[in-house]
Amino acid sequence: MGLLLNPSTNDYSEFDAETRRLLRATIDFFESYGKQRLLQADLNAEWVADFLEFEKKEKLFATFLTPAAYADGDENRRWDAARNAALSEILGFYGLAYWYAEQVTILGLGPIWMSSNEIAKTTAAQQLLDGEVMAFGLSERAHGADVYSTDMVLTSDDAGGFTASGTKYYIGNGNVAGMVSVFGRRADVEGPDGYVFFAVDSRHENYHLIDNVVHGQMFVSTFELDDYPVGPDDILHTGPEAFAAALNTVNVGKFNLCHGSVGMCTHSLYEAITHTNNRILYGNRVTDFSHVQGNFVDAFARLSAMKLFSNRAVDYFRSASLDDRRYLLFNPVTKSKVTSEGETVMTLLLDAVAAKGYEKNTYFHQANRFIGWLPRLEGTVHVNVGQILKFMPNYLFGPVAYPEIGTRLDASDDTFFFAQGPVGGAGKVRFADWTTPYAARTDVPNVAVFYEQAQALQALLQTAAPSAEQQKDLDFVLTVGHLFSLVVYGQLILEQAAITALDDDLLNRIFDFQIRDFSGYAVSLYGKPTATTEQQAWALGAVRRPVADAESFDRVWQQVKSLDGAYEMRG
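Residues numbered from 1 in each chain as written. Predicted model: local features only at pLDDT ≥ 70, side-chain atom pairs only at ≥ 80, totals over all residues. Heavy atoms only, no water.

Student: Would you explain the overall build of the protein chain in this entry?
Tutor: Along the backbone of the protein chain there are 20 helices and 10 strands. Seen through its C-alpha atoms, the protein chain measures out along the principal axes to roughly 75 × 60 × 40 Å. Every one of the 571 residues in the protein chain was classed for burial, and the buried ones make up 59%. Here the protein chain contributes 46 positively and 71 negatively charged side chains, and the mean placements of these two sets differ by 5 Å. (Helix = DSSP H or I, 4+ residues; strand = E, 2+ residues; numbered from the N terminus. Buried < 20%, exposed > 50% of the residue type's maximum accessible area, 1.4 Å probe, protein only. Lys, Arg positive; Asp, Glu negative; His and termini not counted. Charge placed at Lys NZ, Arg CZ, Asp CG, Glu CD.)

Student: Whenever I open this one, the packing of aromatic side chains confuses me. Can you help?
Tutor: Each aromatic ring pair is described using two quantities: the centre-to-centre distance and the angle formed by the ring planes. Here the structure, examined in full by the defined rule, presents 45 aromatic pairs. A centroid spacing of 5.6 Å and a plane angle of 75° characterise the contact between Trp 434 and Tyr 438, whose relative ring orientation is edge-to-face. For the pair shown, Trp 434 and Tyr 438 are each scored as buried. For Lys 337, the ring lying beneath its charged end belongs to Tyr 489, and the centroid distance is 5.5 Å. (Phe/Tyr/Trp six-rings, centres within 6.5 Å; stacked < 30°, edge-to-face > 60°. Lys NZ or Arg CZ within 6 Å of the ring centre and 35° of its normal.)

Student: Is there a simple way to explain the nonpolar core in this structure?
Tutor: Looking at soluble globular proteins, one finds that nonpolar side chains tend to be buried together. In terms of nonpolar packing, the biggest core is built from 177 residues, with Phe 51, Trp 113, Phe 296, Leu 329, Ile 510 and Trp 538 touching the most fellow members. Non-local contacts of Leu 329, meaning those with residues more than four positions away in its chain, are made with Ile 388, Phe 391, Tyr 395, Phe 431, Phe 484 and Val 488. Listed in part, the 18 residues of the second largest apolar core include Met 152, Ala 177, Val 182 and Leu 225. (Core = buried A, V, L, I, M, F, W, Y, C linked by side-chain atoms within 4.5 Å. Contact = heavy atoms within 4.5 Å.)

Student: I would appreciate a short explanation of the pattern of salt bridges in the present structure.
Tutor: Side-chain pairs of opposite charge can arise whenever the charged atoms involved come near each other. Counted under the stated rule, the structure contains 37 salt bridges. Across the pair Arg 21 and Glu 18 runs a salt bridge, and its minimum N-O distance is 3.0 Å. Here Arg 21 pairs with Glu 18, and both are found in helix H1 (residues 17-33), just 3 residues apart, close to one helical turn. On the basis of relative accessibility, which here comes to 37%, the residue Arg 21 falls in the partly exposed class. Residue Arg 203 pairs with Asp 201 through a salt bridge whose shortest N-O separation is 3.0 Å. (Salt bridge = Lys/Arg side-chain N within 4 Å of Asp/Glu carboxyl O.)

Student: I tried to follow the domain arrangement of the protein chain on my own but got confused; where do I start?
Tutor: One frequently used descriptor of interface size is the decrease in accessible area upon assembly of the parts. In terms of domain boundaries, the protein chain breaks down into domain 1 (17-132), domain 2 (136-239) and domain 3 (380-400 + 427-549). Across the boundary between the two partners, domain 1 contributes 26 residues, which contact 23 residues of domain 2. Taken together, both faces of the contact between domain 1 and domain 2 bury some 2000 Å²; the carbon and sulfur share is 60%. When the area that domain 1 buries against domain 2 is broken down by residue, the three leading residues are Trp 47, Tyr 100 and Pro 111, summing to 28%. For the interface between domain 1 and domain 2, the tally reads 1 salt bridge. (Domains from an automatic or database assignment. Buried area = accessible area lost by both parts, 1.4 Å probe.)

Student: Can you help me understand the packing of helix H6 (residues 96-113) against helix H8 (residues 240-254) in this one?
Tutor: The angle between the axes and the distance between the axes are what describe a pair of packed helices. Where H6 contacts H8, the axes come no closer than 9 Å and their chain directions differ by 150°. Classified by the angle between their axes, H6 and H8 sit roughly antiparallel to one another. Every pair of crossing elements has a handedness; the one defined by H6 and H8 is right-handed. In this structure, H6 contributes Gln 103, Ile 106, Leu 107, Gly 110 and Pro 111 to the contact, and H8 contributes Thr 249, Val 250, Val 252, Gly 253 and Lys 254. (Axes fitted to C-alpha atoms, helices over the stretch in contact; angles between N-to-C directions. Parallel < 35°, antiparallel > 145°, perpendicular 65-115°, else oblique. Left-handed = near helix turned anticlockwise from the far one by under 90°.)

Student: Explanation requested: helix H17 (residues 474-500) in the structure shown.
Tutor: Helix length check: H17, at 27 residues, gives a terminal C-alpha distance of 38 Å against a target of 39 Å (1.5 Å per residue), a fit within 8%. The backbone nitrogen of Asp 475 lies 3.2 Å from a side-chain oxygen of the residue at the head of H17, namely Asp 473. A positive phi of about 55° marks Ala 501, the residue just after H17. (Expected span 1.5 Å × (residues − 1). Polar contact = N/O pair within 3.5 Å; in protein donor to acceptor, adjacent residues only side chain to side chain.)

Student: Is there a simple way to explain the side chain of Gln 127 in this structure?
Tutor: In this fold, Gln 127 is placed in helix H7 (residues 118-129). Setting aside its immediate chain neighbours within four residues, Gln 127 contacts Glu 132, Met 134, Gly 178, Met 179 and Arg 203.

Student: Whenever I open this one, the environment of Ile 388 confuses me. Can you help?
Tutor: With respect to the helices and strands, Ile 388 occurs in helix H13 (residues 381-389). Judged by its relative accessible area of 0%, Ile 388 is buried. Linking Ile 388 and Ser 485, residues 97 residues apart in sequence, is a C-alpha distance of 7.4 Å. When near neighbours in sequence (up to four residues on either side) are disregarded, Ile 388 contacts Leu 329, Pro 332, Val 333, Ser 336, Phe 484 and Ser 485.

Student: What's the story with the packing of helix H16 (residues 445-463) against H17 in this structure? I'm lost.
Tutor: One can describe the packing of H16 onto H17 by two numbers: an axis separation of 10 Å at closest approach and a directional angle of 140°. With respect to H17, the axis of H16 lies oblique. Read as a crossing pair, H16 and H17 show a hand that is left-handed. Contacts from Val 447, Phe 450, Ala 454 and Leu 457 of H16 reach H17 at Leu 483, Phe 484, Leu 486, Val 487 and Leu 494. Residues that form the contact of H16 with H17 fall into these classes: 9 nonpolar, no polar and no charged. (Nonpolar A, V, L, I, M, F, W, Y, C, P; charged D, E, K, R; others polar.)

Student: What is the right way to read the pairing of strand E3 (residues 162-172) from this model?
Tutor: A regular strand carries its side chains on alternate faces of the sheet. With 4 bridges connecting them, strand E2 (residues 153-156) and E3 associate as antiparallel partners. By the bridge assignment, Ser 156 is partnered in E3 with Phe 162. Summarising the sheet, E3 and strand E7 (residues 220-230) pair through 9 bridges and their orientation is antiparallel. Across the sheet, residue Tyr 169 finds its bridge partner in E7, namely Thr 222. (Pairing = 2+ DSSP bridges.)

Student: Can you walk me through the side chain of Thr 222 in this structure?
Tutor: Residue position: Thr 222 is located in strand E7. Looking at Thr 222, the relative accessible area reads 8%, which means it is buried. Residue contacts for Thr 222: discarding those within four places in its chain leaves Thr 167, Lys 168, Tyr 169, His 208, Leu 209, Ile 210, Asp 211 and Val 213.

Student: Mind showing me how you'd approach unusual backbone geometry here?
Tutor: Across the chain, the bulk of peptide bonds are trans and the bulk of non-glycine residues have phi less than zero. Even without a glycine there, the phi angle at Tyr 12 is positive, about 55°. On the secondary structure map, Tyr 12 appears in the segment before H1. We note that Lys 59 has phi near 55°; this positive angle belongs to a residue other than glycine. Here Lys 59 is to be found in the loop between helix H3 (49-58) and helix H4 (60-65).

Student: How should the environment of Thr 66 be read in this particular structure?
Tutor: Checked against the element boundaries, Thr 66 lands in the loop between H4 and helix H5 (81-94). Of the residues examined, Thr 66 reaches a relative accessible area of 0% and is grouped as buried. Taking the C-alpha atoms as reference, Thr 66 lies 6.3 Å from Ala 125; in sequence the two are 59 residues apart. Looking at Thr 66, its side chain comes within polar contact range of the main-chain oxygen of Ala 62, at 2.6 Å.

Laid out in structure tokens, this is it:
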């Protein structure tokens, strides 16, 4: 039962001593804060000042978010995706606002650590030591995160520098950030050569904070630069390199959304099962009703799958190189699929707890309000599924050999995050044989059935592939993208299940919902107006029924039931 985070028992023994200390210290901070204080801060939309004071005292962000090259010899300070994932999960477990303060600091640091500007890097390292947070000035109200279009304009000051004017929108930490990495364009240069990433200070007199665009603890700011002076020491990237820094930073940042979602769902599961298993209706425990058990088992299986996939994706990201760019597929899957599954988990739990899920004295109430944010931050699900489709031909039909990637919990610095190179080339990324982990577990009944569906997707693309006209129909091809995402999702789940010796009953339940979800998307494809007769026939032929096993279901239900009272936040 060690798969899910339990603050009462997690000791993080897989990490080095200082990482263990800081992760436990973060948990202890929130537990000492107390549940009522935590919930009241959310209800009052209080800025997360208390947490940032703790972060400053413990040098939490300085330790976790400073590359070793700028750590001044401190062996504890490094950028380590495995422990960053663990921290994201903890912060999500206690509240999205705390996770968000770290998340946008990560985004703000991306263009800085990716740059060759040593002054900016040294400044950022010192600011982290001083307890500062950062911000990422990319989005604009008129353009969203469309980096091709920006109205932040830099005008030459005729002295070797620029003045920047324009407004940025939806910028987290924009109220206090010591350094804000801002994306803009030169007024005198057309096209991609005119792009510029530069750093500004939110306390400068030419930086005008306008408002918080949401009501909550998070400060999601709108700010305006009015002839803000930008000198050579403030320039982080220019030209196409600035464009690449924007996308590569999002690659790093959106990776953390899945772990935040896992944390939110895990806390909610503890609350939901403890409440429901002790509530009597019509003379029975609520959990005696079969549909409630079904909801909990499905939610538990989906949450377990979220955690398995996300943890395995860490290994690929940490092992990435210019010769192994598989992370470019697994990254948008963590973003789109894992966070969407988080919404599904919360809905299943909400249907079990019903009115309790809206009460202000529950963590559930908070998580239920925010869980839908995660699939829609750092690019929508649709944008990410569109990215995923680019990898489908090589993934399904062009396997190549790679060295085996093991579990990456080593205390090393993930330098490749900030040296990802030029963007593009998704169609050239190659993958190992995806069928290997499936074929190895056909002894699990529902893995075998889902493997048939995955092979059927190959057959669709070989015999009735989307036409050139259909490929212009996003509604049609995104459904194909969701089918493909399920295959990728299942691969990493199986790999992590093997590494962790996951219980076969739970693995069988995970692929029970995989089969149902694949069948659902197949039926959706059948109903598309542009689906051909051949594609319609394929869709109905791809529908499968999971293998039912009442005894296996009950064993998983007993695992869920044992979580009753396993964790409850103090105070």
